[in-house]
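Okay, here's what each chain looks like letter by letter:
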Amino acid sequence: MEIITISNWLNTTFSGFDHFILNLLHNFAILTGGYLNWLFRLISLFADKGIFLLLLSVFLMLFKKTRKVGICVFGAIGCGAIITNFILKDLVARPRPFMSEILEYKDWWKYAGSVLEDDFSFPSGHATAISAAMMSIFFFTKGNKKYLCILFIVLMGLSRNYLMVHYPTDVIGGIISGTLSAIIAFYITKLIFYVLNKNDNKFFDFIKNFDIVDFIKSKKKA
């Protein structure tokens, strides 16, 4: 009797959906002659290991106006990494599309540039990281500009599917994981600044009011 694992359940339940999207993107790759492979690899690199996004969070923390969102982004990425990379990937243990029994996935993967990935597939770490970062920014941003965050998430998801290193359901799982992480980080950030505002001392004042621009200006005057 075959043991039903989470990986097998995903592959069986969502096989039609995953195949439809991946086939659509492969046909798009053929239609464009594979000339967009480099573009989707570039988009994918934006969230690789979360390094660029972590640097973005540190950059945002240097300015008083964006310190809250920077802390939230940093915390959300960390939370997403724990949920996705340290818990779900090994728990689900889903092989990548190009490593599956469906041989055409490997052919599509080769056509898209044969991007190598050596860990498990579900959920997408890239989708988790970009969703964690962008949804954090979304929560702290007012006006219509915040919807650009959704565009970044969509583009990242498409890039991972176009390159055939993830199933669409991996991307959806990553978006859910990243969004949940952003929600957790959002409320933790709110709590942090609540505590900072309730307590008055030099260290807390420094955290709240330090701004790299003002710091540089003061050094120039000195």
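Figured I'd write up the structure that's included with this text.

The rules we used
- Residues numbered from 1 in each chain as written.
- Predicted model: local features only at pLDDT ≥ 70, side-chain atom pairs only at ≥ 80, totals over all residues.
- Heavy atoms only, no water.
- 1 Å grid on protein atoms, 1.4 Å probe; cavity = no way out; pocket = protein on both sides within 12 Å on 5 of 7 lines; lining within 4 Å.
- Points joined across faces, edges and corners; volume = space filled by probe spheres on them.
- Helix = DSSP H or I, 4+ residues; strand = E, 2+ residues; numbered from the N terminus.
- Nonpolar A, V, L, I, M, F, W, Y, C, P; charged D, E, K, R; others polar.
- Contact = heavy atoms within 4.5 Å.
- Patch = residues over 30% accessible without salt bridge, like charges linked within 9 Å, V, L, I, M, F, W, Y side chains within 5 Å.
- Areas by Shrake-Rupley, 256 points an atom, 1.4 Å probe, with all protein chains shown as cover.
- Salt bridge = Lys/Arg side-chain N within 4 Å of Asp/Glu carboxyl O.
- Buried < 20%, exposed > 50% of the residue type's maximum accessible area, 1.4 Å probe, protein only.
- Phe/Tyr/Trp six-rings, centres within 6.5 Å; stacked < 30°, edge-to-face > 60°.

The computed volume of the largest pocket comes to approximately 420 Å³. Surrounding the largest pocket, 24 residues form its lining, Lys49, Gly50, Asn85, Gly125 and His126 being those nearest its centre. Among the elements that make up the lining of the largest pocket, the one with the highest residue count is helix α5 (residues 67-92) (eight residues). Among the residues forming the lining of the largest pocket, the class breakdown is seven nonpolar, nine polar and eight charged.

With respect to the helices and strands, glycine 75 occurs in helix α5. Distance from glycine 75 to serine 136, taken between C-alpha atoms, is 9.3 Å for residues 61 residues apart in sequence.

Turning next to the side chain of serine 136. When you line up the elements, serine 136 lands in helix α7 (residues 125-140). Discounting chain neighbours no more than four positions away, the residues touching serine 136 are Val69, Cys72, Val73, Ala76, Ser131 and Ala182.

Once that is clear, we can look at a nonpolar patch on the surface. On the surface, Tyr147, Leu148, Ile150, Leu151, Phe152, Val154, Leu155 and Leu158 cluster together into a nonpolar patch covering about 680 Å² of accessible area. Take isoleucine 150: its relative accessible area is 33%, and that puts it in the partly exposed class.

Close approach of charged atoms lets side chains of opposite charge pair. Applying the stated criterion across every chain yields a total of seven salt bridges. Among the salt bridges present, the one from lysine 89 reaches aspartate 119, with a minimum N-O distance of 3.8 Å. A residue pair is termed long-range when its members are at least 10 positions apart, and lysine 89 in helix α5 and aspartate 119 in the loop between α6 (103-111) and α7 qualify at 30 residues. The exposure class assigned to aspartate 119 is partly exposed, which follows from its relative accessible area of 34%. We note a salt bridge from aspartate 205 to lysine 208, for which the minimum N-O separation is 3.6 Å. Taken together, the residues span about one helical turn, with aspartate 205 and lysine 208 both in helix α10 (residues 202-209) at a distance of three residues. Look at aspartate 205 and you get partly exposed, because its relative accessible area is 26%. When salt bridges with common partners are traced through the structure, they connect Lys89, Arg96, Glu117, Asp119 and Arg160 into a single cluster.

The next subject is the packing of aromatic side chains. Under the defined criterion, the tally for this structure stands at 16 aromatic pairs. With centroids separated by 5.9 Å and ring planes inclined at 75°, the aromatic side chains of tyrosine 105 and tyrosine 167 adopt a geometry described as edge-to-face. Here tyrosine 105, found in helix α6, pairs with tyrosine 167, found in the loop between α8 (148-162) and α9 (168-198); they are 62 residues apart in sequence, far enough to count as distant. For the pair shown, tyrosine 105 and tyrosine 167 are each scored as buried.

The analysis is restricted to geometry; functional conclusions fall outside its scope.
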